[in-house]
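# Observations on the model geometry
Chain residues, written in single-letter form:
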Protein chains: 4
Amino acid sequence: MSYAMQLLDSYPRTADLDAGVLASTIDALSDCAQACTADADDDLSELDVSAMVKCIRLCLDCADICTTTVAVTSRQTEYDVGVLGPLLEACLASCVSCGNECERHAMMHEHCRVCAEACRRCERACRNLLATIA
Amino acid sequence: MSYAMQLLDSYPRTADLDAGVLASTIDALSDCAQACTADADDDLSELDVSAMVKCIRLCLDCADICTTTVAVTSRQTEYDVGVLGPLLEACLASCVSCGNECERHAMMHEHCRVCAEACRRCERACRNLLATIA
Amino acid sequence: MSYAMQLLDSYPRTADLDAGVLASTIDALSDCAQACTADADDDLSELDVSAMVKCIRLCLDCADICTTTVAVTSRQTEYDVGVLGPLLEACLASCVSCGNECERHAMMHEHCRVCAEACRRCERACRNLLATIA
Amino acid sequence: MSYAMQLLDSYPRTADLDAGVLASTIDALSDCAQACTADADDDLSELDVSAMVKCIRLCLDCADICTTTVAVTSRQTEYDVGVLGPLLEACLASCVSCGNECERHAMMHEHCRVCAEACRRCERACRNLLATIA
């Protein structure tokens, strides 16, 4: 069981969101943030780095947005759906955009294939969590 | 002139957004991120910390979201309005929510008054930038 | 296999560090960052929040430092031991300090016990990686 | 007066560090984080991006480390010199390394000249703050 799930289980108050959905979203976000940071760096080491510029930029954005979304979703105290909702929408948009670009390079670069997979999984997780707060 | 403005002026390609609007948004976001981090800590040092729990939580979220929005708005290469738009909406929502809570404590705690001011300025900056990308 | 390991395996150049040690460090850092963010929030929801002030502060620091260390260790291109070394020392110090404080509350609060475990694992991972770059 | 200084002035307890030194360090760190993020992006837009790979990598690290150091220095509650000291050393090392690389490109690229200036100012600020906690 991930730390995320264990920490949701030991939350001292009653939670507003389903712990299982939340924990799998947090894990997907955390993995996606790391994958995007690593993929931007892998891109930077490619011989033809100029072909990877768009991928680098979108990976950097996606890493930053996922990292912040890990933090906000990890907080349950004084839950504010007015902040979480738009943030999940932004994170979803970033995962779609970054996942699409990574997929374009997936046949050529294994690191982009892995990153696209992380983005798609995170995209699904954001959609699932959004569905529970609608 | 802030570093943000100088770095926008020396961007090697043609920018998609107005440099003046962008630079003042970046500066407002950066100031707001710091103010929210400091205010959460000031709240934590208050004698009656239990009265400040909601303020701490919203400040922590707002600091994280503003920090990420500084990074995304500081990048001009391969500009993606599909990511920037929703992120600015999320940042705006966070500044409104945090600014409202800080204002409730502004008469009692000077640090909350300062933080509310930083949130209001950042809220206006996000609205201005959103207006230029609509 | 974690994304971290897969992305290290598909790095286009020759890496400076052992991929296995690096991947397990990245995973431990990423888990610790999330655990510290969640534990700070769990502390904030405790009835006697004033008893948790030190724990909250150290968790917030540790979350920020681990998050940054995930990013820096995830980058292999133009590896700079002069930056990585001191950063791992800082991360180690933060995990020790936060782990000690969480342990003090572990009997009373399950979330602090879980967070202390995440900090201890991350402390060991930082020491292992430091040993390979010494 | 910056928000950082105003928020230090309204801290409810007695501070461990000199507010003037701390506020100017926080401002320098915050500016340096933004400058490094923007410079990495400017580098990414250069025609000869392969010549800028090392600069991009060091700027990304320096942005992340300065951002975290803003957060840790903005917290005064339960001040822990055992964490702050090593973190400032890591931040100093990153500013030196990034500043050196940016300076190499300063004649050719105005954005690297600006970023080098931000790194040098931040390096001095970290040294000043380190001198007060020694």
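Here, every reference points to the structure presented above.
We now turn to the structure provided with this report. Since we're looking at a predicted model, the values are computed, not measured. In this numbering scheme, every chain counts its residues from 1 along its sequence in written order. Whichever chain is written first becomes A and whichever ligand is written first becomes 1, with later ones labelled in order. With the structure being a predicted model, the display of local features is reserved for residues of pLDDT at least 70 and the display and counting of side-chain atom pairs for 80 or more, all residues being used for whole-chain, interface and lining totals. As a rule here, side-chain values come from all non-hydrogen atoms in the structure, and water together with hydrogens is ignored.

On to the overall build of chain A, then. Secondary structure elements follow DSSP: runs of H or I no shorter than four residues count as helices, runs of E no shorter than two count as strands, and numbering proceeds from the N terminus. Scanning chain A from N- to C-terminus turns up 5 helices and 0 strands. Starting at the N terminus and ending at the C terminus, chain A contains elements arranged as α-α-α-α-α. Throughout, the radius of gyration refers to the C-alpha atoms, and the reference size of a globule is 2.2 Å times the residue count to the power 0.38. Against the 2.2 N^0.38 benchmark of 14 Å for 134 residues, chain A shows a C-alpha radius of gyration of 16 Å, consistent with a compact globule. In terms of overall dimensions, chain A has C-alpha extents of about 55 × 30 × 20 Å along its principal axes. For chain A, the proportion of its 134 residues judged to be buried stands at 68%. For chain A, the proportion of contacts with a sequence separation of at least 24, taken over those separated by at least 6, is 72%. For chain A, the exposed surface amounts to about 4600 Å²; the carbon and sulfur share of it is 51%. If you average the places of the 10 positive and of the 21 negative side-chain charges in chain A, the two averages end up 4 Å apart. Partly exposed describes any residue whose relative accessible area lies between the buried limit of under 20% and the exposed limit of over 50%, with all areas from a 1.4 Å probe on protein chains only and scaled to the type maximum. Contacts are assigned to residue pairs with any non-hydrogen atoms lying within 4.5 Å of each other. Methods summary: accessible areas were calculated by the Shrake-Rupley approach with a probe of 1.4 Å, and residue burial reflects only the protein chains presented. Counting rule for charge: Lys and Arg are taken as positive, Asp and Glu as negative, and neither His nor the chain ends is counted. A charge is said to be at NZ when it belongs to Lys, at CZ for Arg, at CG for Asp and at CD for Glu.

Looking now at the relation of the copies chain D and chain C. A least-squares fit on C-alpha atoms brings the copies together, and the residues used are those whose pLDDT is at least 70 in both copies. With an RMSD of 0.0 Å, the fit of chain D onto chain C corresponds to turning through 180 degrees and sliding 0.0 Å along the axis. Given the turn and translation reported, the copies of this chain are related as if by a two-fold rotation axis. Of the residues that chain D buries at the interface, 100% are likewise interface residues in chain C, meaning the two copies contact each other through the same surface.

So, on to the interface of chain A and chain C. With 35 residues of chain A at the interface, the matching set in chain C holds 35 residues. Throughout, buried area stands for the accessible area (probe radius 1.4 Å) lost by two parts on being put together, summed over both. Approximately 3000 Å² of surface area, both sides summed, lies buried where chain A meets chain C, with 58% of it carried by carbon and sulfur atoms. Among the residues of chain A in contact with chain C, A:Tyr3, A:Leu7 and A:Gln34 are the three that bury the most area, contributing 25% of the side total. By definition here, a salt bridge exists when the distance from a side-chain nitrogen of Lys or Arg to a carboxyl oxygen of Asp or Glu is within 4 Å. Scanning the region where chain A abuts chain C turns up 0 salt bridges. Any N or O atom pair separated by 3.5 Å or less is treated as a polar contact, with the protein-specific requirement of one donor-capable and one acceptor-capable atom, and with residues adjacent in sequence counted only for side-chain atom pairs. In this assembly, chain A and chain C are joined by 15 residue pairs in polar contact (both at pLDDT 80 or more). Those elements giving two or more residues to the side of chain A that touches chain C turn out to be helix H1 (3-9), helix H2 (19-44), helix H3 (53-74) and helix H5 (110-133) of chain A. When residues in the side of chain A that touches chain C are grouped by element, the largest group, 11 residues, is from H2(A).

So, about the interface of chain D and chain C. It is common to report an interface's size as the accessible area lost on association of the parts. At the interface, 27 residues of chain D touch 27 residues of chain C. Considering only the surface of chain D that becomes buried against chain C, D:Arg57, D:Arg75 and D:Glu78 emerge as the three largest contributors, covering 28% of it. Across the contact surface, chain D and chain C share 4 salt bridges. Between D:Asp64 and C:Arg75 there is a salt bridge; the shortest N-O distance is 2.9 Å. Between the two partners, chain D and chain C, sit 15 residue pairs in polar contact (both at pLDDT 80 or more). The set of elements that each furnish at least two residues to the side of chain D that touches chain C consists of helix H3 (53-74) and helix H4 (81-104) of chain D. Broken down by element, the residue count for the side of chain D that touches chain C peaks at 11 residues, all from H3(D).

Think of it this way: side chains of opposite charge can pair up when their charged atoms draw near. This model, assessed by the stated rule, comprises 40 salt bridges over all chains. The salt bridge partner of A:Arg75 is B:Asp61, with a shortest N-O separation of 2.6 Å. Taken as a pair, A:Arg75 in the loop between H3 and helix H4 (81-104) and B:Asp61 in helix H3 (residues 53-74) lie in two separate chains rather than in one. We classify A:Arg75 as buried; its relative accessible area is 7%. B:Asp61 sits in the buried class, given a relative accessible area of 2%. If you follow the salt bridges from partner to partner, you end up with A:Arg57, A:Asp61, A:Asp64 and B:Arg75 in one network.

Attention shifts here to the side chain of D:Ser45. Tracing the chain through its elements places D:Ser45 in the loop between helix H2 (19-44) and H3. For D:Ser45, the residues in contact, after removing those within four places along its chain, are B:Tyr11, B:Pro12, B:Arg13 and B:Thr77.

Expressed as a screw transformation, the operator carrying chain A onto chain C has a rotation angle of 180 degrees and an axial translation of 0.0 Å, and the superposed copies differ by an RMSD of 0.0 Å. The share of interface residues of chain A whose copies in chain C are also at the interface is 100%, consistent with both copies meeting through the same surface.

On to the environment of C:Asp41. Considering the arrangement of structural elements, one finds C:Asp41 in helix H2 (residues 19-44). Residue classification places C:Asp41 among the buried positions, given a relative accessible area of 3%. Sequence-wise, C:Asp41 and C:Leu22 are 19 residues apart; in three dimensions their C-alpha atoms are separated by 29 Å. Apart from residues no more than four positions distant in its own chain, C:Asp41 is found in contact with A:Tyr11, A:Ser74, A:Arg75, A:Gln76, A:Thr77 and B:Arg57.

A few words on the state of the cysteines. Two cysteine sulfurs form a disulfide in these notes if their separation is within 2.5 Å. Enumeration according to the criterion identifies 0 disulfides over all chains in this entry. Here A:Cys91 stays unpaired: no disulfide links it, and the sulfur of A:Cys66, its closest cysteine neighbor, is 3.9 Å away. Free of any disulfide, B:Cys102 has its nearest neighbouring cysteine sulfur in B:Cys55, separated by 3.9 Å.

Our focus in this paragraph is the packing of H2(D) against helix H5 (residues 110-133) of chain D. All names here are of chain D. Between H2 and H5, the shortest axis-to-axis distance is 8 Å and the interhelical angle comes to 150 degrees. With respect to their mutual orientation, H2 and H5 come out roughly antiparallel. Pair H2 / H5 crosses with left-handed handedness. Under the convention adopted here, Pro, Cys and the residues Ala, Val, Leu, Ile, Met, Phe, Trp and Tyr are nonpolar, Asp, Glu, Lys and Arg are charged, and Gly plus all remaining residues are polar. When its residues are assigned to classes, the contact of H2 with H5 shows 15 nonpolar, 5 polar and 6 charged. Axis definition: a line fitted to C-alpha atoms, over the contacting stretch in the case of helices. Angles run 0 to 180 degrees between N-to-C directions. Should an angle fall under 35 degrees it is called roughly parallel, over 145 degrees roughly antiparallel, and 65 to 115 degrees roughly perpendicular, with every other angle called oblique. When the near helix sits turned anticlockwise from the far one by under a right angle, the crossing is termed left-handed; a clockwise turn instead gives a right-handed crossing.

What follows concerns the side chain of D:Ser10. Position of D:Ser10 relative to the elements: it lies in the loop between helix H1 (3-9) and H2. You can call D:Ser10 buried: its relative accessible area is 14%. Residues in contact with D:Ser10, not counting those within four places in the same chain, are B:Asp42, B:Glu110 and B:His111.

Turning to the packing of helix H3 (residues 53-74) of chain C against H3(D), a few remarks are in order. Running from N to C, H3(C) and H3(D) point in directions that differ by 180 degrees, and their axes come no closer than 9 Å. Taken together, the axis directions place H3(C) and H3(D) in an arrangement best described as roughly antiparallel. Judged by residue contacts, C:Arg57, C:Asp61, C:Asp64, C:Ile65, C:Thr68, C:Ala71 and C:Val72 of H3(C) engage D:Arg57, D:Asp61, D:Asp64, D:Ile65, D:Thr68, D:Ala71 and D:Val72 from H3(D). Grouping the amino acids of the contact of H3(C) with H3(D) by side-chain chemistry returns 6 nonpolar, 2 polar and 6 charged.

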